[in-house]
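The residues making up each chain are set out below.
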Amino acid sequence: MVQRGRPQMERYGISESEQGMLDWTWVEGQLSNARNYWISTVTPDGKPHAAPVWGLWHDGAFYFSTDSVSRKAKNLTANPALAMHLESGDDAVMLEGEAALVTDGDLLDELSRVYNAKYPGYVQDFRNQKEGVVYVLRARKALAWKESDFPNTATRWVFA
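Residues numbered from 1 in each chain as written. Predicted model: local features only at pLDDT ≥ 70, side-chain atom pairs only at ≥ 80, totals over all residues. Heavy atoms only, no water.

Okay, the environment of Trp 24 next. When you line up the elements, Trp 24 lands in helix α1 (residues 24-33). Separated by 118 residues in the primary sequence, Trp 24 and Ala 142 place their C-alpha atoms 9.7 Å from one another. Every residue in contact with Trp 24, bar those within four places of it in the chain, is listed here: Trp 57, Leu 95, Ala 142, Trp 157 and Phe 159. (Helix = DSSP H or I, 4+ residues; strand = E, 2+ residues; numbered from the N terminus. Contact = heavy atoms within 4.5 Å.)

Below is the structure:
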C-alpha cells in the first residue's frame, strides 16, 4: 500500500491541494534515466557518510554495488539505514529505507545484463565478482518535486 501526500515543510508555501502533485511514473522515469546517484549511510560511530554511485532502478527498487570492505558496505553492515537522491536539485527525487544484500544468483545475472546495457564499456558480472556486493533499497518513503513549480509539485510517498 502506498500513500501519496504533501511533505511536511512549514513556511515553504506547499500547496494543500492534490492538484499538481507528481505521479509515481515521473519519479520512476527520473530514477531509471539517472546515471549517478548519491547515497548516504551512517558510520558505526554515528557520523553521516555520502558517496556517489552508479546504480539501477529495476522492478521498483534501487540497486547498487560496492566493494565489500568499502566505507559504504561497513556502514550498511552496522546500520542498514540508507538515503538515496539524484544529482538534480531542480528535479529532485529522494528515497529513504533500509538496504539489504542481494544474493539471488538469477537476480544478480539479470542486474548484470541491465547494468551493462546502461553503462556500456563497464562490464559487470555481479554473480561472480570476488570482492563486491550488491545492495537493494526498497523505498519506505520518497520525496520529489520540480523546482520550477516547487509549492505545487512537492510530493511525498509513504510505502507500507
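That covers the picture; the talk isn't over yet.
Our focus in this paragraph is the pairing of strand β5 (residues 81-86). In β5, alternate side chains face the same way, and those of Leu 82, Met 84 and Leu 86 are buried while those of Ala 81, Ala 83 and His 85 on the opposite face are not. Of the strand pairs in this sheet, strand β2 (residues 36-42) and β5 are connected by four bridges, and their pairing is antiparallel. Residue pairing in the sheet places Tyr 37 in a bridge with Leu 86 of β5. Where β5 and strand β6 (residues 91-101) come together, five bridges link them in antiparallel fashion. Its bridge partner being in β6, Ala 83 is matched across the sheet by Glu 96. Where β5 folds back onto β6 in an antiparallel hairpin, the turn is made up of four residues. (Buried < 20%, exposed > 50% of the residue type's maximum accessible area, 1.4 Å probe, protein only. Pairing = 2+ DSSP bridges.)

Positive phi values are uncommon outside glycine, yet Arg 11 reaches one of about 70 degrees. Here Arg 11 is to be found in the loop between β1 (2-5) and α1. Residues other than glycine seldom take positive phi values, yet Asp 59 does so here, at roughly 50 degrees. Relative to the assigned elements, Asp 59 resides in the loop between β3 (48-58) and β4 (61-67).

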